[in-house]
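Listed below, chain by chain, are the residues.
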Amino acid sequence: CKKAQLENGTATTTASEIERSEENVQLEIHDTLKETKLLIEETEEKIVELVENMGEYDMTMQESENSIKPALNEWNSYKHVVKKAQEDYKQAFADATSSGGLDEAKSLRDAYDEAVIELERLEQVYEDIKLKASDDEDFYWEKKRELMELKELLETQTVEKEDLMFGLRMSQRNNQFI
């Protein structure tokens, strides 16, 4: 009899340990499920923020792209002004026969020098606008990629959540699960 009671006592302890182990598994799954739900919420918030801002990013990129052509046109048209100023001052030096003519040629050359400086400034403005447009386009596509990656992450997290929920239900129903 005592032998049977000892065996039953050992069996009860083992069953209790198994039950405790199953509860621990359920709690672990539950904790992981809560963490996954929080991650899903964070990912969804990031996606919403990006989606709301994508229009603005696109608009900025388009505005930058649209500002390139006018800057290029202004720079190219000013090249003609510089060329005309150069021709005028060279002609004035060639035609100068008196000190009054040389004074006029010098003032035309000074005007030409100022026009060259302005042309260089316009070229720099054009290059800066091109660089900004390129940066804006890179930023837009970076955000677009980030949005796609977040959507993929959300899909993965959702599948993980569903798997965890299934595992939790199964562990609650079936003592032999896991």
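Here goes a summary of the coordinates provided. Model, not experiment: these values are computed from the prediction.

### What to know about the overall build of the chain
For step 1, the next point in the chain: Counting its secondary structure elements, the chain contains two helices and zero strands.
For step 2, the next point in the chain: Accessible area of the chain: about 13200 Å², with a carbon and sulfur share of 51%.

### Topic: the side chain of T36
For step 1, the next point in the chain: Residue position: T36 is located in helix 1 (residues 2-95).
For step 2, the next point in the chain: By relative accessible area, which is 3% here, T36 ends up buried.
For step 3, the next point in the chain: If we ignore the near neighbours within four places in the chain, the residues touching T36 are Q157, E160, K161 and L164.

### Thoughts on the nonpolar core
Within soluble globular proteins, side chains that are nonpolar generally end up buried alongside one another.
For step 1, the next point in the chain: Among the nonpolar cores identified, the biggest contains twelve residues, and these are I68, A71, W75, V82, A85, Y89, Y112, A115, L119, L122, Y126 and A133.
For step 2, the next point in the chain: Those elements giving two or more residues to this core turn out to be helix 1 and helix 2 (99-173).
For step 3, the next point in the chain: In contact with A71, other than residues within four places in its own chain, are Y126 and I129.

### Section: the side chain of D136
For step 1, the next point in the chain: Tracing the backbone shows D136 in helix 2.
For step 2, the next point in the chain: Among the polar contacts made by the side chain of D136, one reaches the side chain of K132 at a distance of 2.7 Å.
For step 3, the next point in the chain: Sequence-distant contacts of D136, that is, excluding residues within four places in its chain, are made with T60, M61 and S64.

### Side note on the environment of A92
For step 1, the next point in the chain: Mapped onto the fold, A92 is located in helix 1.
For step 2, the next point in the chain: Spatially, the C-alpha atoms of A92 and E104 are 7.2 Å apart, while their sequence positions differ by twelve residues.
For step 3, the next point in the chain: Excluding residues within four positions of it along the chain, A92 makes contact with G101, A105 and L108.

### Here's the deal with a negative patch on the surface
For step 1, the next point in the chain: A cluster of like negative charges, contributed by E65, D135, E137, D138 and E142, occupies part of the molecular surface.
For step 2, the next point in the chain: Among the elements that line the negative patch, the one with the most residues is helix 2, at four residues.
For step 3, the next point in the chain: For E142, the position within the fold is in helix 2.

### Brief notes about the pattern of salt bridges
For step 1, the next point in the chain: One pass over the structure, following the stated rule, counts six salt bridges.
For step 2, the next point in the chain: Of the charged contacts in the structure, one is a salt bridge between D110 and K106, with a shortest N-O distance of 3.2 Å. With D110 and K106 both in helix 2 and four residues apart, the pair spans about one turn of that helix.
For step 3, the next point in the chain: The partner of E146 in a salt bridge is K143, with the nearest N and O atoms 3.4 Å apart. Pair noted here: E146 and K143 are both in helix 2, with a separation of three residues, about one helical turn.
For step 4, the next point in the chain: Of the residues examined, E146 reaches a relative accessible area of 28% and is grouped as partly exposed.

The rules we used
Residues numbered from 1 in each chain as written. Predicted model: local features only at pLDDT ≥ 70, side-chain atom pairs only at ≥ 80, totals over all residues. Heavy atoms only, no water. Helix = DSSP H or I, 4+ residues; strand = E, 2+ residues; numbered from the N terminus. Areas by Shrake-Rupley, 256 points an atom, 1.4 Å probe, with all protein chains shown as cover. Buried < 20%, exposed > 50% of the residue type's maximum accessible area, 1.4 Å probe, protein only. Contact = heavy atoms within 4.5 Å. Core = buried A, V, L, I, M, F, W, Y, C linked by side-chain atoms within 4.5 Å. Polar contact = N/O pair within 3.5 Å; in protein donor to acceptor, adjacent residues only side chain to side chain. Patch = residues over 30% accessible without salt bridge, like charges linked within 9 Å, V, L, I, M, F, W, Y side chains within 5 Å. Salt bridge = Lys/Arg side-chain N within 4 Å of Asp/Glu carboxyl O. Lys, Arg positive; Asp, Glu negative; His and termini not counted. Charge placed at Lys NZ, Arg CZ, Asp CG, Glu CD.

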